[in-house]
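# Fold and geometry: a report
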Amino acid sequence: SDFSSIRNLAFIDAGDNQLSLAAFATLPALKELILVNNHISSFHFEDAARDDDSAPSLSLLFPHLTKLDLSHNTLTPAALTTLRALPCLRDLNLSFNRLRHLPSSLLSFPRLAKLNLASNELRDDVFSSCALSCPALTHLNLMNNCIAVVPREILADDDAFLALREIHLGNNELGSWGDVLPLLLLGGLEKVVVYGNPF
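Residues numbered from 1 in each chain as written. Predicted model: local features only at pLDDT ≥ 70, side-chain atom pairs only at ≥ 80, totals over all residues. Heavy atoms only, no water.

Before going further, it helps to spend a moment on the environment of L92. Summarising the element assignment, L92 is placed in strand 4 (residues 91-93). Given a relative accessible area of 2%, L92 falls into the buried group. When the C-alpha atoms of L92 and L115 are compared, they prove to be 5.1 Å apart, with 23 residues separating the residues in sequence. Every residue in contact with L92, bar those within four places of it in the chain, is listed here: L68, L83, L112, K114, L115 and N116. (Helix = DSSP H or I, 4+ residues; strand = E, 2+ residues; numbered from the N terminus. Buried < 20%, exposed > 50% of the residue type's maximum accessible area, 1.4 Å probe, protein only. Contact = heavy atoms within 4.5 Å.)

Read from one edge to the other, the open sheet built from eight strands follows the order 1-2-3-4-5-6-7-8, with strand pairing classed as parallel. In this open sheet, the two strands that pair with only one neighbour each are strand 1 (11-13) and strand 8 (191-193). Pairs of neighbouring strands in the sheet enclose a mean axial angle of 0 degrees, with direction left out of account. As defined by bridge partners, strand 4 adjoins strand 5 (residues 114-116) across three bridges and the pair is classed as parallel. (Pairing = 2+ DSSP bridges. Axes fitted to C-alpha atoms, helices over the stretch in contact; angles between N-to-C directions.)

This paragraph deals with the nonpolar core. Formed by 55 residues in total, the largest nonpolar core has its most connected members in F62 and F161. Those elements that provide at least two residues to this core are helix 1 (58-61), helix 2 (77-80) and helix 3 (126-131). Here this core takes four residues from helix 3, the largest share from any one element. (Core = buried A, V, L, I, M, F, W, Y, C linked by side-chain atoms within 4.5 Å.)

Residues other than glycine seldom take positive phi values, yet H39 does so here, at roughly 60 degrees. Note that H39 resides in the loop between strand 2 (32-34) and helix 1. Positive phi, normally seen in glycine, also occurs at N144, with a value near 60 degrees. Within the element layout of this structure, N144 appears in the loop between strand 6 (139-141) and helix 4 (152-155).

Below, the discussion takes up the side chain of N38. Relative to the helices and strands, N38 is located in the loop between strand 2 and helix 1. At a separation of 2.8 Å, a polar atom in the side chain of N38 contacts the main-chain amide nitrogen of L19. Filtering out sequence-adjacent residues up to four positions away, N38 remains in contact with A14, G15, D16, N17, Q18, L19, H72 and N73. (Polar contact = N/O pair within 3.5 Å; in protein donor to acceptor, adjacent residues only side chain to side chain.)

Positionally, S95 belongs in the loop between strand 4 and strand 5. The class of S95 is buried, set by a relative accessible area of 5%.

A cluster of basic residues, K67, R90, R111 and K114, forms a positive patch on the protein surface. Mapping K114 onto the fold places it in strand 5. When its relative accessible area of 40% is taken as the criterion, K114 is described as partly exposed. (Patch = residues over 30% accessible without salt bridge, like charges linked within 9 Å, V, L, I, M, F, W, Y side chains within 5 Å. Areas by Shrake-Rupley, 256 points an atom, 1.4 Å probe, with all protein chains shown as cover. Salt bridge = Lys/Arg side-chain N within 4 Å of Asp/Glu carboxyl O. Lys, Arg positive; Asp, Glu negative; His and termini not counted. Charge placed at Lys NZ, Arg CZ, Asp CG, Glu CD.)

We now examine the packing of aromatic side chains. Under the definition given, this model contains one aromatic pair. Where W177 meets F199, the ring centres are 6.2 Å apart and the plane angle is 55 degrees; that geometry is what we call tilted. One end of the pair, W177, is in the loop between strand 7 (166-168) and strand 8; the other, F199, is in the segment after strand 8, with 22 residues separating them in the sequence. Take W177: its relative accessible area is 49%, and that puts it in the partly exposed class. By relative accessible area, F199 is classed as partly exposed at 43%. (Phe/Tyr/Trp six-rings, centres within 6.5 Å; stacked < 30°, edge-to-face > 60°.)

For the rest of this paragraph, the subject is the pattern of salt bridges. Oppositely charged side chains are able to pair whenever their charged atoms sit close together. One pass over the full model with this rule turns up one salt bridge. Salt-bridge contacts for E121 lead to R100; the nearest nitrogen and oxygen are separated by 3.0 Å. Of the two residues, E121 is situated in the loop between strand 5 and helix 3 and R100 in the loop between strand 4 and strand 5; the sequence distance between them amounts to 21 residues. What makes R100 exposed here is its relative accessible area of 60%.

Bringing the confidence of the model for the protein chain into the picture now. Mean pLDDT over the protein chain works out to 90, with 90% of the residues at or above the 70 mark. Counting contacts from residues 49-55, a segment whose pLDDT is below 50, to residues more than four positions away or on other chains yields seven contacts. (pLDDT = per-residue confidence, 0-100.)

Rendered as C-alpha cells:
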C-alpha cells in the first residue's frame, strides 16, 4: 500500500508482516516505526535517492525518525551500518536478531539514547562497539547474551559511556561480582540489573 498521500503520518506499528524499511520511505513526517517480526535481514532502497553510488540517503528518506523497533528479525551486522545515516534516531531496538557481534564500522549514532540489544548472542566486545559510537547513550539493554565480563579497559576510557544512566546485564555469563565491578568507573550510572548470572 502507498501511504505517501498521508503527509503527517508520524507513527506506524507494522509488526508481524513481511514489510521492509523501504516500504515506508515515502513518509517524511514519520517519527516512530515498529517493524517487529518482519523477516528483515538487510535493507534495500533501489528506488531511493542516494548520496553516492552505494549508500541510500536515509537522511532524506527518514529525516525525523526518532524510534525504530527492528526486534525479532534476522538482521546481519553488515545491515546495521545502513542505520547510521538516520540523523535523528534516539531509540533503537535490535533485540532477538541472533546477532553475534556488531560491525566494527558502527561509528556514529550521535543522538542515540536508548539501545536494546537483548536476546542476541553478543559477547564482551559489544562494549567496545558501543562505547564511542553512541556518545549520548543513556540506556543500554544487554540482557540474555553471552557476556562473561565487563571490560575495565573500555570503561576506563574518559570518553566512554559518559551519558549512560542504566544498563541491563541480566541472564548473561558473568561468573562473579568482580566481573561487574568495572561499572563503578561510570560515575553517572544510576541503575544496574544483573539478575540471572552464575554468581
